[in-house]
Amino acid sequence: MRIGIRAHDMEKAPFEELVKNISKKGFFCTHIALKKSISEFNVNEEAMTPGMALYIKQVFAENKVDIAVLGCYLNLANPNPEKLKKIIDTYKAHIRFASLLGCGVVGTETGAVNEEYRYEEANHSQEALEIFIQNLRQVVEYAEKMGVILAIEPVYKHIVYNNQRAREVLDAIQSPNLQIIFDPVNQISLENYTKQDEIIQSAFELLGKEIAVIHAKDFVIENDTIKSVAAGKGLFHYEPLMKLIKEKKPYIHVTLEDTNPENVFEAKGYLEEIYAKV
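Residues numbered from 1 in each chain as written. Predicted model: local features only at pLDDT ≥ 70, side-chain atom pairs only at ≥ 80, totals over all residues. Heavy atoms only, no water.

1. Some details on the nonpolar core
Grouped together as the largest cluster of nonpolar side chains are 87 residues, with contacts concentrated most on Ile56, Leu136, Val169, Leu241, Ile245 and Leu271. Apart from the residues lying within four places of it in its own chain, the contact partners of Ile56 are Phe15, Leu34, Ile38, Ile67, Phe97 and Leu101. With eight residues, the next largest nonpolar core counts Cys29, Ala68, Ile181 and Ala212 among its residues. (Core = buried A, V, L, I, M, F, W, Y, C linked by side-chain atoms within 4.5 Å. Buried < 20%, exposed > 50% of the residue type's maximum accessible area, 1.4 Å probe, protein only. Contact = heavy atoms within 4.5 Å.)

2. Concerning the sheet that holds strand β10 (residues 253-256)
The strand order β1-β2-β3-β4-β5-β6-β7-β10 describes a closed barrel built from eight strands, whose pairing is parallel. Strand after strand, the sheet turns through a mean of 30° between neighbouring axes, direction not considered. Examined bridge by bridge, strand β3 (residues 66-71) and strand β4 (residues 105-108) share three bridges and lie parallel to one another. Within β4, the position partnered with Val69 by the bridge is Val105. (Pairing = 2+ DSSP bridges. Helix = DSSP H or I, 4+ residues; strand = E, 2+ residues; numbered from the N terminus. Axes fitted to C-alpha atoms, helices over the stretch in contact; angles between N-to-C directions.)

3. Comments concerning the environment of Ala77
With respect to the helices and strands, Ala77 occurs in the loop between β3 and α4 (81-101). Here the alpha-carbon distance between Ala77 and Ile159, two residues 82 residues apart in the chain, equals 8.6 Å. Among all residues touching Ala77, those that are not within four sequence positions of it are Ala112, Val113, Ile131, Asn135 and Ile159.

4. Digging into the packing of aromatic side chains
In the structure shown here, the tally under the stated rule is 10 aromatic pairs. Measuring from centroid to centroid gives 5.8 Å for Phe15 and Phe60, while their planes differ by 65°, and the two rings are edge-to-face. With Phe15 in helix α1 (residues 15-24) and Phe60 in helix α3 (residues 50-62), this residue pair connects regions lying 45 residues apart in the sequence. The pair formed by Phe15 and Phe60 is uniform in burial state, with each residue classed as buried. Grouping aromatic residues by their ring pairs yields a cluster made of Phe15, Phe41, Tyr55 and Phe60. (Phe/Tyr/Trp six-rings, centres within 6.5 Å; stacked < 30°, edge-to-face > 60°.)

5. Brief notes about the side chain of Asn21
Turning to its location among the elements, Asn21 is positioned in helix α1. Setting aside residues up to four positions removed in sequence, Asn21 forms contacts with Met10 and Ala13.

6. Description of α4
In this model α4 runs 30 Å from its N-terminal to its C-terminal C-alpha over 21 residues, within 8% of the 30 Å that 1.5 Å per residue would give. Of all the residues in α4, the buried ones are Leu84, Ile87, Ile88, Thr90, Tyr91, Ala93, His94, Ile95, Phe97, Ala98 and Leu101. Those residues of α4 that are buried are in contact with α2 (34-37), α3, β3, β4 and α5 (126-146). (Expected span 1.5 Å × (residues − 1).)

7. Some remarks on the pairing of strand β2 (residues 29-32)
The two faces of β2 match: Cys29 and His31 on one face and Thr30 and Ile32 on the other face are all buried. Looking at chain direction, strand β1 (residues 2-6) and β2 are connected through three bridges and run parallel. Following the sheet pairing, Arg6 is matched in β2 by His31. For the segment spanning β1, α1 and β2, crossover handedness is right-handed. (Right-handed = clockwise from strand over helix to strand, strands pointing away.)

This is the structure in structure tokens:
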């Protein structure tokens, strides 16, 4: 597997130094959200020119680090029409940028039926799913025109909350440019955490061909809530996931989440150790 890290989980540093540090820590790829990772120059939409894209691409290439995911995590089910239009325009800007950047996918989660992007029961309704599919469709069509892969990430609190809903979205849109970021911990709730092996297995059965990226973290239960932590620090069963990655997805991008500079080597080593022995 090509193991990586979110750029904003690294030590704060100027962009070129940040990329060098990712490489020095032994990572092969990164998940980058421009505004969270770069502060010394403008990365708003008006600044996302071909020149900037090719400059960023060059810096990553010089350090032999892939851009696994260009993050654009906005609410594609926002009920405010004006805000939704701006959100869709932002996705299109990221897709244009990605077409020159040479990244693996543009990554997104799957929204909520409110402007605050928060969980409510209506997120899990069929109506919410239909709204998301309708809005996602036009973004995917643009990705097709630009030759870019858009990857959605199922999350329990959002509209696409499990593997079955993700399959519905893929079947409805029917595009090779729509794929999946699989983060098993993001699908875990208090109701299903004891069935995590089934979540992993069903992902590879239902979505196997479309899984493009894996996110790697862990979870604990605190005050009757699921809390994300660094890989190896919680209750998640990594053996079945690593076994399926080794069998089905050689060289896939696997990016660590919820790490910090103090525990990143431990989390990386934990995954590598399990991968080596399964």
